[in-house]
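Summary of the model geometry
The chain contents come next:
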Amino acid sequence: MGLKAESNTRERPMLNKPVFRPELILCPTDFSDSALVALRYAQEFARCFGSRLLVIYVDSIGAPPYFTTSQIEELVKSIKQAREAAQRHLAKYVEDRLAGAENIETEIVEGTAVSSILRIAKKRNAGLIVMGAHGMSGFNRLMLGSATKRVLHETDCPVLTVRGGDSATTIPPSITRMLCPGNDLLGRVPFYDQLSEIAARPLFRTE
């Protein structure tokens, strides 16, 4: 990465250099192509940093307010069976697409997309969230695109959004350049130190 800065003779206080080394990376999925590309990037980040990877699917199915007690009981039974099947499907989905990967967990989370992602990120102390920029739409689906925008605005955790479609799902993740807008270099020294730490990892083929 070609970062150049003019030397400055003015004294400045020593700054503690933050180190970007996430212990846990959270990757929500809705099984769309964009989410698959994000999953591959999440795996590469986890490999580069020696992080654990947690892949979640948010299930927001609930009982309508007009259901009777017996209908609710039947629905709860059906939902339990469906979630058990969803957990098996999620585990197989990840295993098939990230063959040989280690330190990966999968979890079906009950609730709405944004609140569930934020809750799990905080509960598990995620160091990075990796999400697709666009998801699949439909009734009771994880609307990943709109969810990503809200997560970006509502979390304190670093978020990596990934774009990609059919062609990107088979291409190994690689980053060759990082654009870092900013005109106050001295005030951003810790931030640039973080970027240098990231760029030194094998995933990044910087120029």
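The sections below set out a description of the structure shown in this document. All values reported here derive from a predicted model rather than from experimental measurement. (Residues numbered from 1 in each chain as written. Predicted model: local features only at pLDDT ≥ 70, side-chain atom pairs only at ≥ 80, totals over all residues. Heavy atoms only, no water.)

1. Here we look at the overall build of the protein
Along the backbone of the protein there are five helices and five strands. The helix and strand sequence of the protein, counted from the amino end, reads β-α-β-α-β-α-β-α-β-α. Each of the 207 residues in the protein was classed as buried or not, and the buried ones make up 37%. Taking contacts inside the protein between residues at least 6 apart in sequence as the whole, the part at least 24 apart equals 76%. Put simply, the protein shows about 12,800 Å² of open surface, and 51% of that area lies on carbon and sulfur atoms. (Helix = DSSP H or I, 4+ residues; strand = E, 2+ residues; numbered from the N terminus. Buried < 20%, exposed > 50% of the residue type's maximum accessible area, 1.4 Å probe, protein only. Contact = heavy atoms within 4.5 Å. Areas by Shrake-Rupley, 256 points an atom, 1.4 Å probe, with all protein chains shown as cover.)

2. What about the pairing of strand β1 (residues 24–28)?
Most of β1 is tucked away, with five of its five residues classed as buried. Neither face of β1 is left uncovered, since the one carrying L24, L26 and P28 and the one carrying I25 and C27 both have all their residues buried. In the sheet, β1 pairs with strand β2 (residues 52–59) via five bridges, with the strands oriented parallel. The residue bridging C27 from the neighbouring strand is V55, located in β2. Where the polypeptide runs from β1 across helix α1 (residues 33–49) and back to β2, its parallel neighbour, the crossover connection is right-handed. Note: β1 against strand β4 (residues 128–132), two bridges, orientation parallel. Along β4, the bridge assignment pairs L26 with I129. (Pairing = 2+ DSSP bridges. Right-handed = clockwise from strand over helix to strand, strands pointing away.)

3. Concerning helix α3 (residues 113–123)
Turning to α3, its buried residues number three or more, namely A113, V114, S116, I117, L118, I120 and A121. Positive phi appears at N125, one or two residues downstream of α3, with a value of about 55°.

4. Remarks on the sheet that holds β2
Overall, parallel pairing links the five strands, which are arranged β3-β2-β1-β4-β5 in an open sheet. This sheet does not close on itself; its edge strands, each paired only once, are β3 (104–110) and β5 (159–162). Averaged over all pairs of adjacent strands, the angle between their axes in this sheet comes to 25°, without regard to strand direction. Sheet strands touched by α3: β1, β2, β3 and β4. Its angle to β3, the strand with the most contacts, is close to 135°. (Axes fitted to C-alpha atoms, helices over the stretch in contact; angles between N-to-C directions.)

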